[in-house]
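Spelled out from the first residue to the last, the chains are:
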Amino acid sequence: QVQFVESGGGLVQPGGSLRLSCAVSGSNFARNGMAWYRQSPGEQRTMVARITSGGTPDYTEPAKGRFVISRDNAKNTMYLQMNSLKPEETATYYCNALLWETGTILGSWGQGTQVTVSS
């Protein structure tokens, strides 16, 4: 079974930065696109950014210009550099593999990593 281990979250002040990592095991990492998602209590999980198997990024509008998604297929790891963080982006951040054309999730959800943006 494919497994995802998210890390790198923490407490930052508004305007601060964090770099999240997603380590993947149990599948051919390089085969699929990947994406970062976030979810706050009582709210839907939403996509933040996605990246093709070849490393081409795609961002949701709130992330454009502030976040950078990348992947290292040799290390089976995906990253999300988050800059200029806002309090409303406080959430648990998750990663997963997806079918690019449909957004269909291919794996089980991991535990996520908590990001708290607060002064």
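Structure's up top.
Criteria and thresholds
Residues numbered from 1 in each chain as written. Predicted model: local features only at pLDDT ≥ 70, side-chain atom pairs only at ≥ 80, totals over all residues. Heavy atoms only, no water. Helix = DSSP H or I, 4+ residues; strand = E, 2+ residues; numbered from the N terminus. Rg over C-alpha atoms; globule rule 2.2 N^0.38 Å. Buried < 20%, exposed > 50% of the residue type's maximum accessible area, 1.4 Å probe, protein only. Contact = heavy atoms within 4.5 Å. Areas by Shrake-Rupley, 256 points an atom, 1.4 Å probe, with all protein chains shown as cover. Lys, Arg positive; Asp, Glu negative; His and termini not counted. Charge placed at Lys NZ, Arg CZ, Asp CG, Glu CD. Pairing = 2+ DSSP bridges. Phe/Tyr/Trp six-rings, centres within 6.5 Å; stacked < 30°, edge-to-face > 60°. Lys NZ or Arg CZ within 6 Å of the ring centre and 35° of its normal.

A look at the overall build of the protein
Point 1. Looking only at helices and strands, the protein has zero helices and ten strands in total.
Point 2. What you see in the protein, going N to C, is helices and strands ordered as β-β-β-β-β-β-β-β-β-β.
Point 3. Taken over C-alpha atoms, the radius of gyration comes to 13 Å for the protein, in line with the 14 Å a tight globule of 119 residues would show.
Point 4. Counting only C-alpha atoms, the protein reaches 40 × 25 × 25 Å along its principal axes.
Point 5. Across the 119 residues of the protein, 42% fall into the buried class.
Point 6. If you take every contact in the protein between residues at least 6 apart in sequence, the share linking residues at least 24 apart comes to 54%.
Point 7. Accessible surface computed for the protein: about 6,100 Å², of which carbon and sulfur atoms make up 46%.
Point 8. Computed over 10 positive and 8 negative side-chain charges, the separation of the two mean positions in the protein equals 5 Å.

Section: the pairing of strand 9 (residues 91–98)
Point 1. Of all eight residues in strand 9, eight are buried; the element is thus mostly enclosed.
Point 2. Looking at chain direction, strand 4 (residues 33–39) and strand 9 are connected through seven bridges and run antiparallel. For A35, the partnering residue across the bridge sits in strand 9 and is N96.
Point 3. Both strand 9 and strand 10 (residues 113–117) contribute to a ladder of three bridges, which runs antiparallel. Paired with T92 across the bridge in strand 10 is Q114.

Topic: the packing of aromatic side chains
Point 1. One pass over the structure, following the stated rule, counts two aromatic pairs.
Point 2. Each ring, one from Y37 and one from W109, has its centre 5.2 Å from the other, and the planes form 90°; the classification is edge-to-face. Of this pair, Y37 sits in strand 4 while W109 sits in the loop between strand 9 and strand 10, and the two are 72 residues apart along the sequence.
Point 3. Taking 5.9 Å as the distance between ring centres and 75° as the angle between the ring planes, the aromatic pair formed by Y94 and W109 counts as edge-to-face. One end of the pair, Y94, is in strand 9; the other, W109, is in the loop between strand 9 and strand 10, with 15 residues separating them in the sequence.
Point 4. Directly above the ring of W109 sits R45, whose terminal nitrogen or CZ lies 3.8 Å from the centroid.

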